[in-house]
Amino acid sequence: MRHSDIKAQGLIRLLTQGLLALGEQKTANELGDRSRYIGMSDIGKSMECMRAAVASKLGLSAVPAATAVGGLAPDDLVRVLGQQLILQRGHWQEHGIEKALDATGVKLVPQLEISVEHNGVPIKAHLDFTLVWGGQRPAVRILELKSNGRILESLYASYEAQLYGQVGLLKSCWAEPSFSVPQTELQQVTFPQAIQRLFNVALPESPDNVDIEAWVLSISMDKVKPFGPYLPDMGMLETCLQTAVAIWRTTEDVRSASLGLNDLDYCQGFHPLCDWCDVNTDCPKFQAVSIPSDSACGLELEELAMLKERKTALEERIAESEKRIRQTYSLIGAQDWISTGNHRFRVVTVAGRKTLDRSLVLDTLSSLIGNEIKAQSALDECVKTGKPYDRLYIGKINKPLKSAA
Ligand code: SF4
C-alpha cells in the first residue's frame, strides 16, 4: 500500500473512532443504560419486529466499540463509517434545529425524560423537543425529529407508536414526579414544576385544559415535512405500555434461555428495517440456500448487488445535476435551447401527472349517492388488481466484523 493510502486510512480510522466515541457518550448522557428500561423506540421497533426489538434489548449490536476500531478490517471500517454518518447526521440536525428554535425565543426543553413503571416494568420516553406556552391558553408541543435520506411519504407505524407513547405519557404523568432533564438538577419533578423552574412559567396543575399535540418532523438535507398532530389517546397509550411489558418479559425469557431469539415473531415481507438490523445474519426470515460466493451464480448475484448500488448512486448524481442545471437555466433567464459539444439542453414546462384522489372520489360519490357505505363498495368494485409478478429482493447481510490482522 502507498504511503499516502496508509495515511488516508489512518484518517478514516480516526474519524470512525471519534464518531463511535461520540455516539457512546451521547447515549450514556441522554439515554443511560438502555438495557434497564423500555424506551419508546423499543416499543416502535417491536411493532414492526419483536425479534429485532428483543435483540437490541439484549445488547446484540453489530456496532463496534470505539476502542475496537484499531482492529477493524478496511472494508468493515468503511461500512461502519458509512452507518455512523447516516446515524449521526440525525444528531447534527437535532443540534442545528435546537439552535434555530432557540433563536426564535420559544420556550424549549430538549431531551425531556418521562419515566414510569407499569406492571413492574421500567419505561422511559425521551422527547427530542418540548415547546411550551403559558398564559391564558397554555399549550405544549412535542417535536420528534427523524432524519431521512428522502422525505417520507407517510409515517411508519413505529414512529406513530413512539409519538402516541410520548404524548400519552406527558398527559397522564403531568402532575406526577416523573419528569427529568438530563444533565440538570431537575430530576423527578412534575411537568408544571419543571417548566416553572426552567422558565418561570406557571402551568395548570391539571393537563385537561392544556392544548397538547405531538408532531414528527421528517428532515432530509434540503427539505422538512411535518406529520401530525398526534393527540393524547389513552387507548393508544395503554397499547404502548402493554407492548413495553411484552418486550421486557420476552427479553427476560430469552435471557434465561426459556425462549430462543428465533422463536420470536419477526416482520414479514420486504421491510426496510431488515437491511439495518443487527441480527439479520441468522434471522429465520432469510433461511437461505447458501451457495459459494466464488461460484458462477454467487459471482453473478454479487455483481448484480454491486451494479444496483452503483445505479442508486448514479441516479442521485443525475437528480442533483438536473436540479442544478434547471436552476441555472432559470437564473440566466434562458428561454431557448442551450447547446454545447454534442448536446443541446432546454427546460420546458410539461403538464403535471394526472392522478385520482381516492378520498375526494369517495366524498363526491357519497354526496351523489347519499350513502357512504355504498359509495365505498362502489369504489372497491372499481379497483383492479394487476397480476402477481416476481420481484428480486437484494438485502445486505450484516456479517460479524473482521479483524484487520
Ligand atoms: S432481519 Fe428483519 S425480520 Fe429479521 S429480526 Fe431483523 S428486522 Fe426482524
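These numbers come from a predicted model, not from an experiment.

Things to note about the nonpolar core
And step 1. One finds Ile114, Leu169, Leu170 and Phe191 to be the most contacted residues of the largest nonpolar core, which totals 57 residues.
And step 2. When residues in this core are grouped by element, the largest group, 8 residues, is from helix H7 (residues 234-255).
And step 3. Here Phe191 is in contact with Leu112, Thr130, Val132, Val140, Leu170, Trp174, Glu176, Phe179 and Leu203, once residues within four sequence places are set aside.
And step 4. Grouped together as the second largest cluster of nonpolar side chains are 9 residues, Val106, Phe129, Leu145 and Ile219 included.

Considerations on the packing of aromatic side chains
And step 1. If you walk through the whole model with that rule in mind, you get 4 aromatic pairs.
And step 2. Ring geometry for Tyr164 versus Tyr230: centroids 5.3 Å apart, planes at 85 degrees, classification edge-to-face. Of the two residues, Tyr164 sits in helix H5 (residues 157-173) while Tyr230 sits in strand S7 (residues 224-230), which places them 66 residues apart along the sequence.
And step 3. Taking 4.9 Å as the distance between ring centres and 55 degrees as the angle between the ring planes, the aromatic pair formed by Trp174 and Phe191 counts as tilted. With a gap of 17 residues between them, Trp174 in the loop between H5 and strand S5 (179-180) and Phe191 in helix H6 (residues 191-199) connect regions that are remote in the sequence. For the pair Trp174 and Phe191, one class covers both residues: buried.
And step 4. Members of the aromatic cluster, each reached through a chain of ring pairs, are Trp174, Phe179 and Phe191.
And step 5. Sitting above the plane of the Tyr37 ring, Lys57 keeps its charged end 5.5 Å from the centroid.
And step 6. Sitting above the plane of the Tyr37 ring, Lys124 keeps its charged end 4.9 Å from the centroid.

Observations concerning the domain arrangement of the protein
And step 1. Looking at the assigned domains, one finds that the protein contains domain 1 (1-276) and domain 2 (289-334).
And step 2. Each of domain 1 and domain 2 has a C-alpha centre, and the two are 32 Å apart.

Describing empty space enclosed by the protein
To find the voids left in a structure, one rolls a probe of water-molecule size over its atoms.
And step 1. A complete count under the given rule lists 1 cavity of 30 Å³ or more for this structure.
And step 2. If you go around the largest cavity, the residues you meet are Cys49, Arg51, Ala52, Tyr266, Cys267, Leu273, Cys274, Cys277, Asn280, Cys283, Lys285 and Phe286.
And step 3. Among the elements of the structure, helix H3 (50-57) and helix H8 (272-276) are those that each provide at least two residues to the lining of the largest cavity.
And step 4. Its residues assigned to classes, the lining of the largest cavity comprises 9 nonpolar, 1 polar and 2 charged.

Observations regarding the packing of helix H10 (residues 358-369) against helix H11 (residues 372-381)
And step 1. Where H10 contacts H11, the two axes come as close as 8 Å, and the packing angle between them is 130 degrees. On the basis of the axis angle, H10 is oblique to H11. As for how H10 packs across H11, the hand of that crossing is right-handed. Across from Arg358, Val361, Leu362, Leu365, Ser366 and Ile369 in H10, the residues of H11 making contact are Glu372, Lys374, Ala375, Gln376, Leu379 and Asp380.
And step 2. Classifying every residue of the contact of H10 with H11 by side-chain character gives 6 nonpolar, 2 polar and 4 charged.

Conventions adopted
In this convention, every chain numbers its residues from 1, walking through the sequence in written order. Residues qualify for local features only when their pLDDT is at least 70, as the model is predicted, and side-chain atom pairs are given and counted only at 80 or more; totals for whole chains, interfaces and linings, by contrast, use all residues. Working from all heavy atoms in the structure, the side-chain values ignore hydrogens and water. Put simply, buried Ala, Val, Leu, Ile, Met, Phe, Trp, Tyr and Cys residues joined by side-chain atoms within 4.5 Å make one nonpolar core. Buried means the residue's accessible area, taken with a 1.4 Å probe over protein chains only, is under 20% of the maximum for its type, while exposed means over 50%, and partly exposed covers the values in between. Numbering of helices and strands runs from the N terminus; a helix is a DSSP stretch of H or I covering at least four residues, while a strand is a stretch of E covering at least two. Here a residue-residue contact requires only that any non-hydrogen atoms of the pair lie within 4.5 Å. Stacked, edge-to-face and tilted are the three classes for Phe, Tyr and Trp ring pairs, Trp counted by its six-membered ring, which pair at centre distances within 6.5 Å; planes under 30 degrees apart are stacked, over 60 edge-to-face, the rest tilted. Here, over-ring charges are defined by two tests on the NZ atom of lysine or the CZ atom of arginine: distance to the ring centre within 6 Å, and angle to the ring normal within 35 degrees. Segment limits for the domains were obtained from an automatic or database-derived domain assignment. Each cavity reported here is a set of points on a 1 Å grid over the protein atoms alone in which a 1.4 Å probe fits but cannot get out, each pocket an open set with protein on both sides within 12 Å along at least five of seven lines, and each lining residue one with an atom within 4 Å of a point. Grid points are joined across faces, edges and corners, and a volume is the space filled by probe spheres set on the points. Gly counts as polar in this scheme, as do all residues outside two lists: the nonpolar Ala, Val, Leu, Ile, Met, Phe, Trp, Tyr, Cys and Pro, and the charged Asp, Glu, Lys and Arg. For helices, the fitted axis covers only the stretch in contact; all axes are lines through C-alpha atoms, and the angles between them, taken along N-to-C directions, range from 0 to 180 degrees. Small angles under 35 degrees read as roughly parallel and large ones over 145 as roughly antiparallel, with 65 to 115 read as roughly perpendicular and the rest as oblique. Helix crossings are classified by the rotation of the near helix relative to the far one: an anticlockwise turn of less than a right angle makes the crossing left-handed, while a clockwise turn makes it right-handed.

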